[in-house]
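One letter stands for each residue in the lines below.
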Amino acid sequence: MKAIVCIFFISWMFVPLAQVPLAEIVTENNPLALTQAEIPNLVFLELLSPADATVLNTYFNNGGQLLNSYQLQGILDREVNEMSLLLQHIKIQVPSLFTAHSKPSFHLHLAAQFQLPQLLIKEDQFVLWKDTNHVGNSFASQVSVKLEWRNWRTGLQFAKDVGEPIWHQTPVKGFDFLTGFIAWGAPSKNTVLQKMFLGAYQMQWGQGLLLWSSRGMGKSIDLLQLARNPMGLKPYQGRDEQRFLNGIAAQFNRDKHQLTLLSSFKFIDAKPPTDTLQQEFNLQYTNGLHRTPNEISKRKQAFEQLAGVAYSYRTPLWQIGTLFLHQDVQIRKSLFDTSNADKPLNPLSLWSGSVYTQGTWRQFYCYGEMATIAHNEVPFLYRSALNLAFVYYLDPRLEMGFHLRTYGPLYRTFYANPIGNATKGSNERGFILQLKWQVRPKVLLKLSSERSLIPFLMSSHSLPNTQHELRCQLHYQISKKQLFEQQFTIHSTPFNKPMMRFRNELQLQLNANELLQVSAQLGIATAQALTSKQLELNWTHAPLVSNFHFEFVYGLYQVPKGASAIYTNIHLLGIGAQSLQLNGIGSYTMMAMKYSSKQDWKATIALNFKHAFTVISTQKLQCFILLTKKI
Amino acid sequence: MIKRLHQLLYFLSIPFLFWAQYMGSSQGGLMISPALCAVAQNQQPNNAAAFSAFNPKGYQLIATAPLRVANLGAFGFSIHYLKHNAALYHEVSVVFQAALVQFRTSHAIGYSLSPQLKVGIGLNLETYLQPSFYGHYLAANARLGCQYAFSKQHHLAFTLNNIGSAQTQQMSLEHLQLLQPTLLFAQGLSWTPHFDPSLYISLTQTIAYVQLQLTCGLFPQHYIFSLRSTHDKRFQWLITQRWQGGLGPSFQIGIVHQ
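Residues numbered from 1 in each chain as written. Chains lettered and ligands numbered in written order. Predicted model: local features only at pLDDT ≥ 70, side-chain atom pairs only at ≥ 80, totals over all residues. Heavy atoms only, no water.

Moving on, we come to the overall build of chain B. Each helix and strand in chain B was counted, giving 1 helix and 15 strands. With 258 residues in all, chain B has 50% of them scored as buried. Considering only intrachain contacts with a sequence separation of at least 6, the fraction spanning at least 24 residues in chain B is 38%. (Helix = DSSP H or I, 4+ residues; strand = E, 2+ residues; numbered from the N terminus. Buried < 20%, exposed > 50% of the residue type's maximum accessible area, 1.4 Å probe, protein only. Contact = heavy atoms within 4.5 Å.)

Structure (structure tokens):
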């Protein structure tokens, strides 16, 4: 009997260990919040290498899902200790039922970035470059501070571009660009009020036809990547002085329903009414820069107001949503102050609405959005815009897609980003046919044929025309850490001979610390029989265990006048994207060094050295410094 | 391991990089073998990282007399060896012209970061010995190189030469594939931005006691056919026929002693 009691007692003692509570099961599985849209951010934060990003993109493109950290560890082939930093960012934090708010957390993040003035090298001497038209100093800077405490976040940032003064006296006193925000985020997904913002924020909605305040990526050859995955509300601390909202916003969730209320009030740049004969306010008057007296005279000359309500219903496979938005902008100066204005200037006031949907059914995936502005005197089609796409999986290895867009000539919205960054979502029609074929397990072929037209003459710099672009991309995953990509593009218009462009890129993870990328571009302007060429080498030394990282970029180019333009988009270690348009004959050298201390100090110094030989040979040297600290 | 203590080479039209600008092309001189990847032979004259475990040390004596160019001759001596896991290379060469004498010395060090990856760095010094009336000339430039083995069959190499000089900077790339143990295929390019990129493909095969090499390229258009006797491992002879657009044909012979 004693033995039975003893066994029973021991068994009873061990029951809680054998039966793991539900919360622990979830915690042990290490659930992840990683989607394909998040991958570029992780690459930017240097938590993922470009090779890892390629592997993950391929995994997601083939329908894969990441549910826990073990899955991710297996795909990336990393050790557990190498995953810790990455997991801090993407692991779903399961709050304790009793102590969700009891543990105080305080984080301070400081960042200061300086782009020092360019130095010209003339006769072996360094000369400070300065554009005499610019009013301000020829350096750029961005200083930001972000504070996190429990569920609250607040931030303040100041930025200026090259040539802009730090402080403006006229026409409106103040810092060149100063933003701030206070944000609150719910501790769990079960709370009705999810997010609340006061200050600068970004809003992404639907497919970007009506409201997509941030700038998007370039037009992808892949329709699935062309589909927008709206992130909703996000706090804003960027340098872009145009594309953001400033006001109050909140997001509410209840089961599958989501409601977003937003408002924005801010002064924006506008051409003073005395300078233009056009009655209506035009967003294309300004570029966001305040360097010359002419640009400064436009600064904060209009008052922009946005108010909207958005509703969406989301299931795991489908989501549908609608947004009603009122947009209004008024010139700040009174017209009655001007003596030569014969007519009053009409402010621009738009009442708009949009409906979007995206989801999957059997072997179909579709997404689309339709937006319109309210106007009684204009036909519906002229004041509406439509994006519609279908992707059909014919076979696990073959995918076909169609994308149709038609933007009415009188459709207008302040913050559109409908497809790529090249179009404003007005006065355009286009059709894309796309094919994606997994030829071999490691070989992927993508084809895209796009025909687009500008149907109406609305402005002198945008004449009606038709364009056709054919793109073909070969993607060869040599091994897990080796990738080769080749792209061919042919662009033609009815009045010009076609322009062709080839781009090859080889990406090799040489060992755990070294990454080598070699890319070559060749552009052929058949009408002028001119070719433009570029060859670039990128070496990154980034050991996971070391505090010191290094990157070296060296490129040669030959772009004669009249030849097809060649751009490079270098993502420099710790500095970010550096885009260059190459002209003439020459070379460029970029170096970046990044040092991170154990006290969370990070210092990045990047040097950009460029030889260019056009009419006059120039050699320029520029230095970037970035300092960040987390407390 | 094959021991190569002595190597003596006499042939015509050797790879002197500073001839490239005379020819108006990106090609690095009249190379018999523009190889950047080292598989069995040391190629550190072309790529500071191209050293081979099969050819750990040796030296070569070079004399040149291009028949088509009058009053031009060259002489060079180079040595390569391994020390503390680093591959070192030293070269001294002289080009005799009617008006001046070009004196050049080149040094390189290569190191294996991993079994697949080799990197190297080199320094070149060049001066002209000429009447003081024409002034003085002294130039120093650096070169970087890398060789990476994807697998036993595939090798990739790149070099950056003289990147501090806007006029003569050069980037070269080469991919080499071992189709069979005795059959090599190489494709590469070499580019100085003031000229068109020079592209080439090359096929090398060893049959019995003869090694054949065929190279053809564009910008400038050129063909090289080379035959090398390997019957005697210590004493070898070499015949090369070369044709290049603008320069015409040239005939090359050589003797290798190792």
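That shown, we press on.
What follows deals with the interface of chain B and chain A. Of the residues lining the interface, 24 residues belong to chain B; the matching set on chain A comes to 25 residues. When the two sides are added together, the surface that chain B and chain A hide from each other amounts to roughly 2,100 Å², 76% of it contributed by carbon and sulfur. When residues of chain B are sorted by the area they lose upon contact with chain A, Tyr148(B), Met171(B) and Trp191(B) head the list and together hold 28% of the total. Where chain B packs against chain A, one counts 1 salt bridge. The closest approach of N and O atoms between Lys533(A) and Asp196(B), which form a salt bridge, is 3.1 Å. Along the contact surface separating chain B from chain A lie 6 residue pairs in polar contact (both at pLDDT 80 or more). Sorting the residues of the side of chain B that touches chain A by element identifies β6 (117-129), β7 (138-149), β8 (154-161), β9 (170-180) and β10 (183-191) of chain B as the ones contributing at least two each. Of the residues in the side of chain B that touches chain A, the class split is 17 nonpolar, 6 polar and 1 charged. (Buried area = accessible area lost by both parts, 1.4 Å probe. Salt bridge = Lys/Arg side-chain N within 4 Å of Asp/Glu carboxyl O. Polar contact = N/O pair within 3.5 Å; in protein donor to acceptor, adjacent residues only side chain to side chain. Nonpolar A, V, L, I, M, F, W, Y, C, P; charged D, E, K, R; others polar.)

Before going further, it helps to examine the packing of aromatic side chains. Under the counting rule described, the total for this entry stands at 19 aromatic pairs over all chains. Relative to Phe303(A), the ring of Phe267(A) has its centre 5.0 Å away and its plane inclined at 50°; by these criteria the two rings are tilted. Taken together, the residues span a long stretch of sequence, with Phe267(A) in strand β12 (residues 257-268) and Phe303(A) in strand β13 (residues 302-314) at a distance of 36 residues. A relative accessible area of 36% places Phe267(A) in the partly exposed class. When the centroid spacing of 6.0 Å and the interplanar angle of 35° are considered together, the rings of Tyr223(B) and Trp243(B) count as tilted. (Phe/Tyr/Trp six-rings, centres within 6.5 Å; stacked < 30°, edge-to-face > 60°.)

The next point concerns the pairing of strand β24 (residues 514-525) of chain A. All names here are of chain A. Within β24, 9 of the 12 residues are buried, which leaves it mostly tucked inside the rest of the structure. As paired strands, strand β23 (residues 496-509) and β24 are joined by 11 bridges and run antiparallel to one another. In the strand pairing of β24, methionine 499 is matched with alanine 525. Two successive antiparallel strands, β23 and β24, enclose a turn made up of 4 residues. In this sheet, strand β25 (residues 530-541) lies alongside β24 in antiparallel orientation, the contact comprising 12 bridges. Paired with valine 518 across the two strands is leucine 537, which belongs to β25. Where β24 folds back on β25, the antiparallel hairpin that results is connected by 4 residues, among which alanine 529 adopts a positive phi of roughly 55°. (Pairing = 2+ DSSP bridges.)

Let us look at the environment of Phe175(A). All names here are of chain A. With respect to the element layout, phenylalanine 175 can be found in strand β7 (residues 174-175). C-alpha of phenylalanine 175 to C-alpha of phenylalanine 158: the two residues are 17 residues apart in sequence and 7.8 Å apart in space. In contact with phenylalanine 175, other than residues within four places in its own chain, are Phe158, Ile166, Trp167, His168 and Arg299.

Now for the pattern of salt bridges. One pass over the full model with this rule turns up 9 salt bridges over all chains. Residues joined in a network through salt bridges with shared partners are Arg405(A), Glu428(A) and Glu450(A).

Our focus in this paragraph is the environment of Gln205(B). Residues and elements named next belong to chain B. Mapped onto the secondary structure, glutamine 205 falls in strand β11 (residues 198-207). C-alpha separation for the pair glutamine 205 and proline 181, spaced 24 residues apart in sequence, amounts to 9.1 Å. Excluding anything up to four places from it in sequence, glutamine 205 contacts Thr182, Leu183, Val210, Gln211 and Leu212.

Moving on to the nonpolar core. Membership of the largest hydrophobic core comes to 41 residues, with the highest contact counts inside it found for Tyr201(A), Met203(A) and Leu211(A). Counting 20 residues, the second-largest nonpolar core is a separate cluster that includes Val518(A), Leu537(A), Leu556(A) and Met171(B). (Core = buried A, V, L, I, M, F, W, Y, C linked by side-chain atoms within 4.5 Å.)

This part covers a nonpolar patch on the surface. Residue and element names in this part refer to chain A. A contiguous nonpolar surface patch, about 650 Å² in accessible area, is contributed by Leu259, Leu261, Val309, Tyr311, Tyr313, Ile320, Phe324 and Val355. Of all the secondary-structure elements, those providing two or more residues to the nonpolar patch are β12, β13 and β14 (318-331). Here the nonpolar patch takes 3 residues from β13, the largest share from any one element. Following the sequence through the fold, valine 309 ends up in strand β13. On the accessibility criterion, valine 309 (33% relative accessible area) is partly exposed. (Patch = residues over 30% accessible without salt bridge, like charges linked within 9 Å, V, L, I, M, F, W, Y side chains within 5 Å. Areas by Shrake-Rupley, 256 points an atom, 1.4 Å probe, with all protein chains shown as cover.)

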